[in-house]
Amino acid sequence: MSHLRFKIVKSVLSNSNLKLSRKLSNLSNVSFKETLVNVPETRVTELKNGLRVVTEDSGLKTATVGLWIDAGSRYETPKNNGVAHFLEHMAFKGTNKRSQTQLELEVENMGAHLNAYTSREQTVYYAKCLSKDVDKSVDILADIIQNSKFGEAEIERERSVILREMQEVETNLQEVVFDHLHSIAFQGTPLGLTILGPTENIKSIQRQDLINYVDDHYKGSRMVLAGAGGIDHDKLVKLAEEHLGNLSNVYHNSEIPSLTGVRYTGSEVKIRDDDMPFIYGAIAVEGAGWDNPDNIPLMIANTIIGSYDRAQGGGNNMGSSLAQASMEDNLCVNFQSFNTCYKDTGLWGVYFVVDRLKIYDFLTQLQNNWQEMCSVLGPADVNRAKNILKTNISLQLDGSTPICEDIGRQMLCYGRRIPIAEMEARIDAVDVETVRKVCEKYIYDRCPVLACVGPTEGVPDYSNIRARMRWFGL
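Residues numbered from 1 in each chain as written. Predicted model: local features only at pLDDT ≥ 70, side-chain atom pairs only at ≥ 80, totals over all residues. Heavy atoms only, no water.

Participant: Account for the overall build of the protein, with residues named and values stated.
Facilitator: When you go through the protein residue by residue, the secondary structure sums to 18 helices and 12 strands. For the protein, buried positions account for 55% of its 474 residues. Within the protein, contacts between residues separated by at least 24 positions form 82% of all contacts whose residues are at least 6 apart in sequence. (Helix = DSSP H or I, 4+ residues; strand = E, 2+ residues; numbered from the N terminus. Buried < 20%, exposed > 50% of the residue type's maximum accessible area, 1.4 Å probe, protein only. Contact = heavy atoms within 4.5 Å.)

Given below as structure tokens:
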């Protein structure tokens, strides 16, 4: 029912780069005429309890409607880590109005799909259905977040399900690597915790823990009811008032929970297993948050690094120079650049699968590419990356579900939906100098984080990797 997502955060512009920050701040200045290109329009209505209803009506016969909640594992503590994900599982196990069987039959009879997921900063419940069944879907979604019973028998059954899910996740080495990467990058902070939580917590979480988390975080002002596809905005607002209008926005124990200050720590972790055929790892530096102007240039830089998979082949005309080197010198099995964002920080780097005898050469080539992006990056690479980025953004919004997800996430991260025209204008406004300056700001002489699993004996010492983050000639 659930799946993991990794998303990312914000870093404040330094006073030492005021000229660049003024330039980047102008990227959001898009004319009103340009914003009208975003058709159909995104409509927003806020209820009295702070819940926002946001829709994009494209006139389809199907629709996606869901609740995006500003609550994830980052709002947990080491003591209750895993409760947000546990709660997501329990939401489908029956309410005061519907038993689990009745809930499943109702969804099945509509031909709808009900799903949910938990990330580090958000919990999401959504339904895909025919447009005529949006009212029933909203009723179900409102019911499961407000009236779930959290029966003891269901808790025990779901405890076993989550423990099995944890075992499955352990076989997904990419997720294992990213969990380790977060744990060392954000040591001692909730952002370093895993989404599923430790085994001992899953075995000990009780009904009251679930109730406390709902009471502390499931508030109207921290929710967005998003709809896309065949959605009537006014009708959805009425449904929200009917089913979610009484949702509390009062905090009994304290004020609105705020994110604790993030603390990034450059460091490394190596999990050695010589029986594994390859090294699975990731290297990153601290990136920018969702609403930081630096994020657009970092997205372009991320696209320039690109990705490579030996199984898919490639040619000398591949845009990524790292991919070209990987192919010519057989440096890796595959790699993929990433730009993971959260509200106030991020991780910008590369995930890789490399032969034990090639790890030194691969990391050397990667860091050489980072150096070139700070110094000799050319306009051809930037223009190509900008075109690829704009294309990918448009392709990712193919269908009501990704559009609905885009609406929910952006409303929680930015407080508004950014029109595609504005996003494209921001990307077009970035030039070569801006990308170089931002790369220098985040890469040059910065302490990276490195997480590796497998036959790690040949992985360079951290001091060696850190030394190569500083080079002469800048």
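Participant: Provide a residue-level description of the sheet that holds strand S5 (residues 123-130), including the pertinent values.
Facilitator: Paired through their backbone hydrogen bonds, the strands of a sheet run either parallel or antiparallel. With mixed pairing, the 6 strands of this open sheet are ordered in space as S1-S2-S6-S3-S5-S4. A strand with exactly one partner marks an edge of an open sheet, and here the two such strands are strand S1 (42-46) and strand S4 (113-118). Each strand of the sheet is rotated relative to its neighbour by a mean of 15°, with strand direction disregarded. Two strands pair when backbone bridges link them, and strand S3 (residues 62-69) and strand S6 (residues 223-229) are joined in this way by 7 bridges, in the antiparallel orientation. The residue of S6 that forms the bridge with Ala63 is Gly229. (Pairing = 2+ DSSP bridges. Axes fitted to C-alpha atoms, helices over the stretch in contact; angles between N-to-C directions.)

Participant: An account of the environment of Asn334 is requested, with residue identities and associated values reported.
Facilitator: By the element assignment, Asn334 lies in strand S10 (residues 334-341). In the structure, Asn334 is positioned 11 residues away from Ala323 in sequence and 8.9 Å away in space, judged by C-alpha atoms.

Participant: Please set out the packing of helix H12 (residues 321-329) against helix H13 (residues 359-375) residue by residue, giving values where relevant.
Facilitator: Describing two packed helices takes the angle between their axes plus the distance from one axis to the other. For the pair H12 and H13, interaxial distance at closest approach is 10 Å and the crossing angle is 155°. On the basis of their axis angle, the class for H12 and H13 is roughly antiparallel. You can see that H12 and H13 cross each other, and the crossing is right-handed. For the pair formed by H12 and H13, the contact residues are Ser321, Leu322, Ala325 and Ser326 on the first element and Phe362, Gln365, Leu366, Asn369 and Glu372 on the second. Residue classes in the contact of H12 with H13 are distributed as 4 nonpolar, 4 polar and 1 charged. (Parallel < 35°, antiparallel > 145°, perpendicular 65-115°, else oblique. Left-handed = near helix turned anticlockwise from the far one by under 90°. Nonpolar A, V, L, I, M, F, W, Y, C, P; charged D, E, K, R; others polar.)

Participant: So what about the pairing of strand S11 (residues 346-354)? Which residues, and what values?
Facilitator: In terms of residue burial, S11 counts as a mostly covered element, since 9 of its 9 residues are buried. As paired elements, strand S8 (residues 279-286) and S11 share 8 bridges and run antiparallel to each other. For Ala282, the partnering residue across the bridge sits in S11 and is Tyr351. The turn joining S10 and S11, which pair antiparallel and follow one another in sequence, is formed by 4 residues.

Participant: Talk me through unusual backbone geometry; I want residue IDs and the actual numbers.
Facilitator: For Phe150, which is not a glycine, the phi torsion comes out positive at approximately 55°. Mapping Phe150 onto the fold places it in the loop between helix H5 (134-146) and helix H6 (152-171). If you check the backbone angles, Asn330 has positive phi at about 55° while not being a glycine. Its location among the elements puts Asn330 in the loop between H12 and S10.

Honestly, it's all geometry; don't read function into it.
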